[in-house]
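Working through the structure, step by step
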Amino acid sequence: MPRPVRIFQHPNSLLVGHVRNLLEGAGVECELRNWTLAGGMGDLAPIDCEPELWVATRDEARARAVIEQWRQSAEVSSSPGARLSRGWRCQRCGEWHEAHFDTCWQCGHERPDP
Ligand SMILES: [Zn+2]
């Protein structure tokens, strides 16, 4: 196993999990560190133990490309017009989500059928 590199970190473990799904969907194996859901869904972890995603050095470029693409699509779809036409609201907790998310960040509820 080549020495891994940290590719992503965020205090919201659900978001980190989402990025992990994107990476694995792109064929990139990744490892979660500092992963915990202690304290309940949606709570932020203390800064010194933010969930992190690590990938093998050989996958770093591909992983960064996947994350960059995800960030750009998130920015585009968070503009007001796109939000209205493409976003969806969780039926359980009322949280707004961008169109490319299939499950709620807050409570894990699945996107309702259109
Ligand atoms: Zn929800």
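That block above? That's the structure.
Here is a short report on the structure shown in this document. Note that this is a predicted model, so its numbers are computed, not measured.

Counted as a void, the largest pocket has a volume near 250 Å³. In this structure, the largest pocket is lined by 14 residues; those nearest its centre are Leu 14, Gly 17, His 18, Asn 21 and Thr 103. The class makeup of the residues in the lining of the largest pocket is six nonpolar, six polar and two charged.

Looking now at the coordination of the zinc ion. Within the protein, the atoms that donate to the zinc ion are Cys 90 (SG), Cys 93 (SG), Cys 104 (SG) and Cys 107 (SG), at distances of 2.3 Å. Here the zinc ion binds four donor atoms, and the angle range of 102 to 118° at the metal identifies the geometry as tetrahedral. Site description for the zinc ion: donor spacing in sequence, C-x2-C-x10-C-x2-C. With relative accessibility at 40%, the residue Cys 93 sits in the partly exposed group.

Let's shift gears to the environment of Trp 105. Of note, Trp 105 is situated in the segment after β5 (96–97). Relative accessible area serves as the criterion here: at 26%, Trp 105 is assigned to the partly exposed category. When the C-alpha positions of Trp 105 and Glu 95 are compared, they lie 8.0 Å apart, and in sequence the two are 10 residues distant. Contact partners of Trp 105, with chain neighbours within four places excluded, come to Asn 12, Leu 14, Leu 15 and His 97.

Parameters at a glance
Residues numbered from 1 in each chain as written. Predicted model: local features only at pLDDT ≥ 70, side-chain atom pairs only at ≥ 80, totals over all residues. Heavy atoms only, no water. 1 Å grid on protein atoms, 1.4 Å probe; cavity = no way out; pocket = protein on both sides within 12 Å on 5 of 7 lines; lining within 4 Å. Points joined across faces, edges and corners; volume = space filled by probe spheres on them. Nonpolar A, V, L, I, M, F, W, Y, C, P; charged D, E, K, R; others polar. Donors = N, O, S within 2.8 Å, 3.2 Å for Na, K, Ca; no water. Tetrahedral: all angles 85-135°; square planar, octahedral: opposite > 155°, others 65-115°. Buried < 20%, exposed > 50% of the residue type's maximum accessible area, 1.4 Å probe, protein only. Helix = DSSP H or I, 4+ residues; strand = E, 2+ residues; numbered from the N terminus. Contact = heavy atoms within 4.5 Å.

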